[in-house]
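Results of the structural survey
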Amino acid sequence: MSTIVAIVGRPNVGKSTLFNRLIKRREAIVDSVSGVTRDRNYGKSEWNGKEFSVIDTGGYIKGSDDIFEAEIRKQVELAIDEADVIMFVVDVEEGITPMDDEVAKLLRKITKPVIVVVNKVDNAMREKDAYEFYNLGLGEFITISSTSGSGTGELLDELINIFPNKPEPTQEEIELPRFAVVGRPNAGKSSFINALIGVDRYIVTDVAGTTRDSIDTKYDRFGFEFNLVDTAGIRRKAKVKEDLEFYSVMRSVRAIEHSDVCILMIDATRGFEGQDQSIFWLAAKNRKGIIILVNKWDLVEKDTMSTRDYEAKIKKELEPFTDVTILFVSAITKQRLLKALEETVKVYENRKQRISTSKFNDYMLKLIETYPPPALKGKYVKIKYCMQLPTPTPQFVFFANLPQYVKEAYKRFLENKIRENWDFSGVPIDIYIREK
């Protein structure tokens, strides 16, 4: 389970620069999925062997001069709800502003660890100026310069030290599949869960998961046992008026990270919008199984072609990862809910499946012999051996004499062939080419 760190602060104190610096070293690896550049506010980082996720809460205010304090307050509340540790970034050049005071006031009320990060400290004079930030009443601070990177090592050391200790999951928790229902506000997530669970009598146990009680509830339904990871949008309907795309995507982060399969609910009357795509790519980037449910299908005018057209339209948006099950359901009339659960369990099984190395080589090497990678600069790429890696999600490695000459298009060809022969629907696959 990774820890979530949120960066808060008023505009122009260097939050995004710090964010980019924290995730920079791994950005190329993590974000190699196409379409991911759309959400620039979320990334993964690692320091001294500890992985954590970083959310930049300031990624959305459109640069107007009088930035609304309400917006800032909202972003801090989002961070307080979602994160395990909060980094409060302030600017040494401008000192403490009224808006910094506002943020500090909110942060003093909470029990979660807060680190005050004084940015733009790039010489000894400014080190002295930083002392004024003791007045925020949040204890010690750390001085950095996010552009040059000085001080970020100390910051990361301090960050790792104050990570909350999360209990190791028990054997039973590991074995049960974990499903998260995600989607934009008002897509029908709650109705779907209520319809799925029936009444409360199906709840077996409530395991409090994280500090922000993203509660894992254990269900036994239609003969399947599974944990439902509760998404933020479901528990606190009244409190949050989610008007911004940014929020509902960020609120899905924790649920997605903690699940095995994400059930993405979309509203049939609205179509597959940018926000749905962002949540989809967030799940794909975290290598989770995905199934798409088009809800409120009973409200849509239909002709004989409509489901096929609708599905084709969604798949067009998902390219190149189109091997995803799309079901048309209605939470209110309970249409196809059992099918939805069956498919979700199937995606979970697909994600765990292992292919024996001998079978994999027999099939793939014959195929590669018939359709070898295109020669480049007169050099021929030979692939002689391949295998599935012993990772929790499907990853395959092919050993070649000249791995650098194998292009993305050929990797996609290999992936498509793997999908044709084995059922990996709803599961992202990684293909690596290594030197033998």
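Residues numbered from 1 in each chain as written. Predicted model: local features only at pLDDT ≥ 70, side-chain atom pairs only at ≥ 80, totals over all residues. Heavy atoms only, no water.

The name recorded for the protein in an unreviewed UniProt entry is GTPase Der, from Flavobacterium lacus. Quoted verbatim from the Function (unreviewed entry) heading of the UniProt record, the comment on the protein is "GTPase that plays an essential role in the late steps of ribosome biogenesis." (UniProt positions renumbered as here; feature names shortened; annotations may be inferred.)

**A short note on the sheet that holds strand β16 (residues 430-435)**
Reading across the sheet, the three strands line up as β14-β15-β16 and stay open at both edges, with mixed pairing between neighbours. With partners counted over all chains shown, the strands left at the sheet margins are β14 (383-388) and β16, one partner each. Across this sheet, the average inter-strand angle for adjacent strands is 20°, counted without regard to direction. With five bridges joining them, β14 and strand β15 (residues 395-400) adopt antiparallel strand pairing. Within β15, the residue paired with Ile 383 across the bridge is Ala 400. (Pairing = 2+ DSSP bridges. Helix = DSSP H or I, 4+ residues; strand = E, 2+ residues; numbered from the N terminus. Axes fitted to C-alpha atoms, helices over the stretch in contact; angles between N-to-C directions.)

**Remarks on the sheet that holds strand β1 (residues 3-8)**
Reading across the sheet, the six strands line up as β2-β3-β1-β4-β5-β6 and stay open at both edges, with mixed pairing between neighbours. Both outer strands of the open sheet, β2 (42-47) and β6 (141-143), are each paired with one neighbouring strand and no more. Between one strand and the next, the sheet's axes are offset by a mean angle of 30°, whatever the strand orientation. Helix-sheet contacts for helix α3 (residues 98-108) involve β1, β4 (85-91) and β5 (114-119), and the interaxial angle to β4 is about 160°. (Contact = heavy atoms within 4.5 Å.)

**Focus: the packing of helix α13 (residues 357-370) against helix α14 (residues 408-421)**
Contact geometry for α13 and α14: axes closest at 11 Å, N-to-C directions at 135°. Put simply, α13 runs oblique to α14. The two elements α13 and α14 meet at a crossing, and its hand is right-handed. Contact residues: α13 offers Phe 360, Tyr 363, Met 364, Leu 367 and Ile 368, while α14 offers Tyr 410, Phe 413, Leu 414, Lys 417, Ile 418 and Asn 421. Of the residues contributing to the contact of α13 with α14, the split by class is nine nonpolar, one polar and one charged. (Parallel < 35°, antiparallel > 145°, perpendicular 65-115°, else oblique. Left-handed = near helix turned anticlockwise from the far one by under 90°. Nonpolar A, V, L, I, M, F, W, Y, C, P; charged D, E, K, R; others polar.)

**Section: the nonpolar core**
Among soluble globular proteins, nonpolar side chains are generally buried collectively. Among the nonpolar cores identified, the biggest contains 55 residues, and Phe 88, Leu 107, Val 118, Phe 280, Ile 292, Val 294 and Ile 314 are the most heavily contacted of them. With six residues, helix α10 (residues 274-285) is the largest single contributor of residues to this core. Of the residues that make up this core, three or more belong to each of domain 1 (3-162) and domain 2 (178-352). Look past the residues within four positions of Val 294 in its chain and what remains in contact with it is Ile 266, Ala 268, Tyr 310, Ile 314, Ile 326, Leu 327, Phe 328 and Val 329. Residues Phe 179, Ala 195, Met 265 and Ala 331 belong to the second largest nonpolar core, which totals 25 residues. (Core = buried A, V, L, I, M, F, W, Y, C linked by side-chain atoms within 4.5 Å. Buried < 20%, exposed > 50% of the residue type's maximum accessible area, 1.4 Å probe, protein only. Domains from an automatic or database assignment.)

**Quick look at a negative patch on the surface**
On the surface, a cluster of negative charge is made up of Glu 140, Glu 154, Asp 157 and Glu 158. Residue placement: Asp 157 occurs in helix α5 (residues 152-161). Asp 157 sits in the partly exposed class, given a relative accessible area of 35%. (Patch = residues over 30% accessible without salt bridge, like charges linked within 9 Å, V, L, I, M, F, W, Y side chains within 5 Å. Areas by Shrake-Rupley, 256 points an atom, 1.4 Å probe, with all protein chains shown as cover. Salt bridge = Lys/Arg side-chain N within 4 Å of Asp/Glu carboxyl O. Lys, Arg positive; Asp, Glu negative; His and termini not counted. Charge placed at Lys NZ, Arg CZ, Asp CG, Glu CD.)

**Overview of the pairing of β2**
Pairing of β2 with strand β3 (residues 50-56) involves six bridges; the strand directions are antiparallel. Bridge pairing in β3 places Ser 45 opposite Phe 52. The loop that links β2 with its antiparallel partner β3 comprises two residues; one of these, Asn 48, has a positive phi angle of about 50°.

**A short note on the packing of aromatic side chains**
Scanning the model with the defined rule gives 18 aromatic pairs in all. Ring centres 5.3 Å apart and planes at 25° place the aromatic pair Phe 179 and Phe 226 in the stacked group. Taken together, the residues span a long stretch of sequence, with Phe 179 in strand β7 (residues 178-183) and Phe 226 in strand β10 (residues 224-229) at a distance of 47 residues. Centre to centre, the rings of Trp 297 and Tyr 310 are 5.4 Å apart; their planes meet at 80°, and the pair counts as edge-to-face. A residue pair is termed long-range when its members are at least 10 positions apart, and Trp 297 in the loop between β12 (289-295) and α11 (306-318) and Tyr 310 in helix α11 qualify at 13 residues. One exposure class covers both Trp 297 and Tyr 310, and it is buried. Pairwise contacts between aromatic rings join Phe 360, Tyr 363, Phe 396, Phe 398, Trp 422 and Phe 424 into one cluster. One residue, Lys 313, lies across the ring of Tyr 310, its end atom 5.7 Å from the ring centre. (Phe/Tyr/Trp six-rings, centres within 6.5 Å; stacked < 30°, edge-to-face > 60°. Lys NZ or Arg CZ within 6 Å of the ring centre and 35° of its normal.)

**Considering the environment of Asp 298**
You can see Asp 298 is positioned in the loop between β12 and α11. Sequence separation of Asp 298 and Val 329 is 31 residues, and the distance between their C-alpha atoms is 8.0 Å. Dropping the residues within four chain positions of it, Asp 298 is found in contact with Ser 330 and Thr 333. Within the structure, Asp 298 has its side chain in polar contact with the side chain of Ser 330 (distance 3.3 Å). (Polar contact = N/O pair within 3.5 Å; in protein donor to acceptor, adjacent residues only side chain to side chain.)

**Side note on α3**
Listed in full, the buried residues belonging to α3 are Met 99, Asp 100, Val 103, Ala 104, Leu 106 and Leu 107. In a view along the axis of α3, the buried residues occupy a sector of 160°, so they form one face of it. (Arc of directions from axis to C-beta.)

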